[in-house]
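Examining the three-dimensional arrangement
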2 protein chains.
Amino acid sequence: MEIDLSRPILARNEGLARKNRERLAAAGVFAVDILASPGAGKTTTILATIERLRDRYRIAVIEGDIASRVDAEKVASHGIPAVQINTGGACHLEADMVGRALDALPLDGLDLVIIENVGNLVCPTEFDLGQDARVVILSVPEGHDKPLKYPAIFALADAVVLNKYDTLPVFDFDEGEFRESVARLNGAAPIFPVSATKGDGVADWVEWLAGRIEAARTTT
Amino acid sequence: MEIDLSRPILARNEGLARKNRERLAAAGVFAVDILASPGAGKTTTILATIERLRDRYRIAVIEGDIASRVDAEKVASHGIPAVQINTGGACHLEADMVGRALDALPLDGLDLVIIENVGNLVCPTEFDLGQDARVVILSVPEGHDKPLKYPAIFALADAVVLNKYDTLPVFDFDEGEFRESVARLNGAAPIFPVSATKGDGVADWVEWLAGRIEAARTTT
């Protein structure tokens, strides 16, 4: 006998994601979910984003990890409120976990919540968290064939950041093929080549995000 | 109401893994499961390993991916039998899938089966496939803090390959901290710095694997 429990689990998650979304909208807070492999540079990109937006918006970060508080401590050391979620083994965040993290944040005093999902190109795809936008970061060393192997996550992205772009000369990464594969899965998502450590390209990605935040404000 | 289905699923997997293990042992075949993030260099390391061992052992590869046949085609182009498993969304291989792949391989004419798991540092940890050894590949660009964030997979490794070692000058990777974190989780696993694309360090890793294959032969 096999029981498919994925439907009731996902249905419950959808309900909780809707609750998060309503709560964030009511407080006027924009939420972006950052998705990537381990080591693609999620935290570094988030820190570079914060440095460029902290004078414009009041920002907090929700850090998702299997274990450790490394990332929340990095963010907090920049004077930004950070809530660490340890999933204790689960390979993705769920709306329920994000809801509890929102409880710990002063939503009325915030404009932007950045959610760093668990490092994984597979599991997070099916779990809506109540975010306004989903951004996938792929780093050059991972290789240009990743959209072929992990299509679902590229298909749902609102934008793609191509990080560690400064290491292009070191790796056998075919940017044309990468762009074509992404375009086949997702005609709408812009691709931003970025070096989060050196700062190159960060401005373009950040302006896209700010544009999304402003657009959400005009709608509500 | 919440139902924990992980126990019966894992119990069923254990039974099927035991069957795979018995079947491999009866045929005198050693199986190694290769675990890593997307883009850490699993396929490239497997190809470099095959080049060094193909005169000594008869080798086949089982490729696990969410989607695509990219990796199986790469391996087959080197004249090595390759079976592609597409998990269709699942973030890890299971013993059942590997059992069906073994059906498709001429086990009596093989000495070594290399299993390339789905790119993921989380999900594969709980699923025994019936392998004789598990090897985790981390690549330098992913960062030295990964054992802190994904401890379970480093704890179960029989060996760790530190790939893209030639890019150490390009990244902020603290090898001492990495080695300490691994040692804290796993005192037994050797760490092999390797550049799978350039060939540096491949010999040491391959000799370790050959030693394990020979040891298994003496035991049985």
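The structure this text deals with has already been given above.
This text gives an overview of the structure that appears in the document. The structure presented is a predicted model; accordingly, all values stated were derived computationally and were not measured.

Some points on helix 8 (residues 202–219) of chain B
Residues and elements named next belong to chain B. Under the 1.5 Å per step criterion, the end-to-end length of helix 8 is 26 Å for 18 residues, consistent within 8% with the ideal 26 Å. When helix 8 is considered as a whole, its buried residues turn out to be V202, W205, V206 and L209. Buried positions in helix 8, seen along its axis, are confined to an arc of 100 degrees and lie on one side of it. The exposed set on the far side of helix 8, more than 90 degrees from its buried face, consists of G211, E214, A215, T218 and T219. Contact partners of the buried residues in helix 8: strand 1 (30–36), helix 2 (42–53), strand 6 (159–163) and strand 7 (191–193).

Quick notes on the nonpolar core
If you look at the biggest cluster of nonpolar residues, it comprises 132 residues, and the most contacted ones within it are I115 and V136 of chain A together with I115 and V136 of chain B. With residues near it in sequence (within four places) discarded, V136 of chain A still touches L35, A36, I153, F154, A157 and V160 of chain A.

Remarks on the sheet that holds strand 7 of chain B
For sheets, the rule is that strands pair by backbone hydrogen bonds, running either parallel or antiparallel. Residue and element names in this part refer to chain B. Within the open sheet, the seven strands sit side by side as 3-2-4-1-5-6-7. Their pairing is parallel. If you trace the sheet from one side to the other, it starts and ends with strand 3 (82–86) and strand 7, each paired once. Taking the axes of each pair of neighbouring strands and ignoring which way they run, one obtains an average angle of 20 degrees across the sheet. Judged from the three bridges that link them, strand 6 and strand 7 form a sheet pairing that is parallel. Opposite L162, over in strand 7, you have P193 as the bridge partner. Across the sheet, helix 4 (residues 95–103) is in contact with strand 2 (59–65), strand 3 and strand 4 (112–116); its angle to strand 3 comes to roughly 145 degrees.

Digging into the pairing of strand 6 (residues 159–163) of chain A
Residue and element names in this part refer to chain A. Strand 6 sits mainly inside the fold: five of its five residues count as buried. Covered by surrounding structure in strand 6 are A159, V161 and N163 together with V160 and L162, the residues of both alternating faces. Looking at chain direction, strand 5 (residues 133–139) and strand 6 are connected through five bridges and run parallel. Bridging from a neighbouring strand, S139 pairs with N163 of strand 6. Of the crossover connections in this fold, the one passing from strand 6 over helix 7 (residues 175–185) to the parallel strand 7 (residues 191–193) is right-handed.

Here we look at the relation of the copies chain B and chain A
Between the two copies, chain B and chain A, the superposition gives an RMSD of 0.0 Å; the rotation angle is 180 degrees and the shift along the axis is 0.0 Å. Each copy turns onto its partner about a two-fold axis. An overlap of 100% is found between the interface residues of chain B and their copies at the interface of chain A, pointing to a shared contact surface.

Some points on helix 4 of chain B
Residues and elements named next belong to chain B. Here helix 4 has its buried residues at A95, M97, V98, A101 and L102. End-on, the buried residues of helix 4 take up no more than an arc of 160 degrees, which puts them together on one face. Seen from the buried face of helix 4, the exposed residues on the opposite side, beyond 90 degrees, are R100 and D103.

What counts, and where the lines are drawn
Residues numbered from 1 in each chain as written. Chains lettered and ligands numbered in written order. Predicted model: local features only at pLDDT ≥ 70, side-chain atom pairs only at ≥ 80, totals over all residues. Helix = DSSP H or I, 4+ residues; strand = E, 2+ residues; numbered from the N terminus. Expected span 1.5 Å × (residues − 1). Buried ≥ 20, exposed ≤ 12 C-beta atoms within 10 Å, placed from the backbone. Arc of directions from axis to C-beta. Contact = placed C-beta atoms within 7 Å. Core = buried A, V, L, I, M, F, W, Y, C linked by C-beta atoms within 7 Å. Pairing = 2+ DSSP bridges. Axes fitted to C-alpha atoms, helices over the stretch in contact; angles between N-to-C directions. Right-handed = clockwise from strand over helix to strand, strands pointing away. Least-squares fit on C-alpha atoms with pLDDT ≥ 70 in both.

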